[in-house]
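# Descriptive structure summary
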Amino acid sequence: MRVLHRWVAGALATSALVLSGGAPSFADDEITIDHVDTDRGTVNLLLSTDGLPAGTTVDPEQVFVELNGSAVESSAKLVDAGDIDRSTVIVLDASNSMKGQGKFAAASTAINAFLDSAPEDVAIGLVAFAGKVTSTVSPTVDHDAVRQALADVTLAKGTSVYDGIVEGVRLLEAEGSRNLLILSDGADTGSDMTLEVATADAKEAGVVVDVVSLVQGAKSDELATVATETKGSVIPADPAVLTSVFNERAEALSKQLLVTFEAPYASGEDANIDVVVESAGTQYHDTAFATLGPGFAVPDVVDSGKALIGNTGMLLGAAALAVGLFGLLATALISAGDNRPQSVKQLEAYFNGTPGADAKAKRKASSSADLKGSAVSVANRFVSADMETRISQRLSGAGSALTASEWILVHVGIAFGAGLVGLLMGGIPMSILGLVLGTVLPWLYLKIRHSRRLSAFNAQLAQTLGLMAGGLQAGLSLPQAVDTVVREGHEPMAGELRRALVEQRLGVDITDALDGVGERMESDDFAWVVMAIRIQREVGGNLAEILHTVADTLREREYLRRQVKALSAEGRLSGYILTGLPPLIFFYMTFANPDYVRLLYTTIPGYVILGLAGFLLALGSFAMAKLATVEV
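What you are looking at is a predicted structure, and each value in this text was computed from that prediction instead of being measured. (Residues numbered from 1 in each chain as written. Predicted model: local features only at pLDDT ≥ 70, side-chain atom pairs only at ≥ 80, totals over all residues. Heavy atoms only, no water.)

### Observations concerning unusual backbone geometry
One can expect most non-glycine residues to show negative phi and most peptide bonds to be in trans. A cis amide bond links Glu491 to the next residue, Pro492, at an omega of 5°. The topology assignment puts Pro492 in the loop between helix H15 (478–488) and helix H16 (493–505). (Helix = DSSP H or I, 4+ residues; strand = E, 2+ residues; numbered from the N terminus.)

Written out as structure tokens, the structure is:
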């Protein structure tokens with residue numbers, strides 16, 4: 001991979017010509033194989049023709065390839081976007097020494113000229129360094145982003161060249177033609193990385209490192225080592241010629257050719273590639289040694305086996321697909337009807353003077369004439385208001401932002417997708433299994449998420465009561481004490497109490513709003529706290545002292561609960577392992593040795609055995625769960 005070092009050689013000639021008053025041009029009469037890429041027998045070469053004499057035209061039809069001395073059929077064309085990845089990272093010295101002689105201004109002008117002229121498909125990145133790496137832009141085809149980052153670079157003290165090289169190599173993660181260009185005016189003065197580390201990183205990543213020294217006649221031995229080890233070059237350049245050099249490079253990138261050929265069968269893993277370009281009766285060539293892999297081989301003919309799914313299975317699958325699509329359409333129509341939160345709909349019904357049930361009946365009556373209304377009417381027979389309330393409550397308790405209709409839509413989609421995947425993988429039995437899993441697992445996930453949020457909620461309850469009691473002792477009202485917890489507490493407690501405060505500001509009594517928090521979270525401990533607050537408000541007493549007492553009680557309960565959980569961990573872990581092991585082994589054998597378990601889901605006795613095994617597994621899981629669960 002030699003991407004820039006031919007250009008650097010041309011840049012030497014450019015610098016000399018500009019300094020002597022001549023027009024810039026490349027003097028090397030040759031072509032260059034910059035990059036070799038192989039993919040299962042197909043070889044792509046990136047060929048640079050910028051070293052040809054001025055005025056030489058290259059016809060892609062006159063490009064020929066020899067592999068190990070034998071001609072192979074090939075094709076050539078100018079590189080277009082998407083043909084091959086080309087990446088360049090510019091490592092710019094932003095130390096204070098760049099102020100003198102307008103070096104930094106000249107370097108910025110040259111880089112901007114390169115960004116303006118480079119092909120749009122070339123990904124360009126930027127690393128600026130002084131005493132440390134101060135700015136990085138990953139290689140991107142958005143050249144304006146690099147230009148903006150360059151404008152924001154400021155000079156600072158120090159020169160950490162090796163850190164800049166390592167960072168530039170790290171940014172060149174993509175495949176394809178990659179190179180690193182360093183613009184600097186001095187040697188390293190304090191990098192965290194060493195010269196050996198920077199060189200090893202560049203060589204291991206296959207990145208060519210080229211160096212342009214902005215001090216006329218000066219050449220850094222350390223940077224020359226990095227360039228030499230990576231087949232790059234070091235060029236001293238005057239700031240006045242940098243723009244010309246970069247313009248030449250951009251023009252060279254636009255003239256690169258992509259040469260493609262198929263490696264013949266048994267051509268060997270390692271091969272010598274010779275590319276010849278004929279122009280005006282003169283031949284120009286370059287040679288590269290590359291690893292091509294095993295070469296192109298004719299694939300074996302594979303006899304088609306027995307279809308996994310018969311005609312009956314295909315018909316049943318098509319029917320299931322139609323039913324699933326209809327369910328998705330109906331659910332989408334339901335969710336599209338009114339996606340507003342339940343609280344918003346209740347408030348609208350209240351201010352309009354229309355009870356929620358009457359408004360719902362009017363909406364159903366007005367929309368029954370069209371398809372959307374029909375779908376809503378059918379769905380409402382299965383999704384009652386109580387079910388929507390329960391789903392909304394469970395979603396709120398789990399901290400999900402989805403509405404009940406959105407959750408149903410997602411749930412139906414997951415169940416249908418799991419059934420379809422099962423049908424494609426193993427026919428009707430696997431489709432049924434996938435449908436069951438797609439139906440059960442989302443509810444199980446929601447339950448687990450709600451349980452974890454409830455545990456975190458109860459764990460914060462004692463601390464929350466302490467904060468509220470302290471606020472009451474300081475003279476705050478109950479809503480103000482709750483607001484203190486909202487501002488200083490953590491989720492999920494702060495979020496739930498924030499919702500209670502919003503309801504209280506809308507006119508709901510604070511105890512009723514707090515009671516709603518206990519219902520959403522299904523927390524018995526919080527329900528007892530609300531009960532204590534209600535009793536205090538009815539019979540009087542010191543609420544702060546009551547909350548302190550309740551907090552101490554809850555803290556002891558939480559300590560005891562955690563102790564019981566730790567003591568019962570072994571039993572619960574045994575239950576998880578014993579319950580999950582049979583299904584896991586079944587799924588493993590389904591893919592590892594399907595013939596061994598096929599009888600279980602292809603014969604009547606197998607169905608009976610599976611049903612009995614599932615029942616016994618559920619019974620054992622229930623028994624172990626009861627034995628390992630201790631109510632506190």
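### Comments concerning the packing of aromatic side chains
As enumerated under the stated definition, the model contains two aromatic pairs in all. The interplanar angle of 70° and the centroid separation of 5.9 Å between the aromatic rings of Phe586 and Phe587 together place this pair among those described as edge-to-face. According to the relative accessible area criterion, Phe587 is partly exposed, its value standing at 27%. (Phe/Tyr/Trp six-rings, centres within 6.5 Å; stacked < 30°, edge-to-face > 60°. Buried < 20%, exposed > 50% of the residue type's maximum accessible area, 1.4 Å probe, protein only.)

### Focus on the sheet that holds strand S2 (residues 42–48)
As summarised here, the arrangement of the four strands in space is S1-S2-S12-S5, forming an open sheet in which the pairing is antiparallel. Only two strands of the sheet have a single neighbouring strand rather than two, namely strand S1 (32–39) and strand S5 (74–78). Averaged over all adjacent pairs, the angle separating strand axes in this sheet is 20°, with direction ignored. Looking at chain direction, S2 and strand S12 (residues 257–262) are connected through six bridges and run antiparallel. If you follow Asn44 over to S12, its bridge partner there is Thr260. (Pairing = 2+ DSSP bridges. Axes fitted to C-alpha atoms, helices over the stretch in contact; angles between N-to-C directions.)

### Describing the sheet that holds strand S14 (residues 282–291)
Sheet strands line up and pair through hydrogen bonds in the backbone, either parallel or antiparallel. Spatial strand order, S4-S3-S13-S14: four strands in an open sheet with antiparallel pairing. This sheet does not close on itself; its edge strands, each paired only once, are strand S4 (70–72) and S14. When the angles between neighbouring strand axes are averaged without regard to direction, this sheet yields 30°. Of the pairings in the sheet, the one linking strand S13 (residues 270–279) to S14 comprises 10 bridges and is antiparallel in character. Counted as the bridge partner of Asn272 is Phe289 from S14.

### So, the side chain of Asp163
Relative to the helices and strands, Asp163 is located in helix H4 (residues 161–171). Buried within the structure, Asp163 lacks any salt-bridge partner; Lys132 is the closest side chain of opposite charge, at an N-O distance of 10 Å. Excluding its chain neighbours within four sequence positions, the residues that come into contact with Asp163 are Val133, Ser191, Asp192 and Met193. (Lys, Arg positive; Asp, Glu negative; His and termini not counted. Salt bridge = Lys/Arg side-chain N within 4 Å of Asp/Glu carboxyl O. Contact = heavy atoms within 4.5 Å.)

### A word on helix H5 (residues 195–205)
Every buried residue of H5 is accounted for by Leu195, Ala198, Thr199 and Ala202. For H5, the angular spread of the buried residues around the axis is 95°, confining them to a single face. Of the exposed residues in H5, those oriented more than 90 degrees away from the buried face are Glu196 and Glu204. Gly206, located one to two residues past H5, shows a positive phi value of around 70°. (Arc of directions from axis to C-beta.)

### Remarks on the pairing of S12
Of the strand pairs in this sheet, S5 and S12 are connected by five bridges, and their pairing is antiparallel. Each bridged residue has a counterpart across the sheet, and for Ser75 the counterpart in S12 is Thr260.

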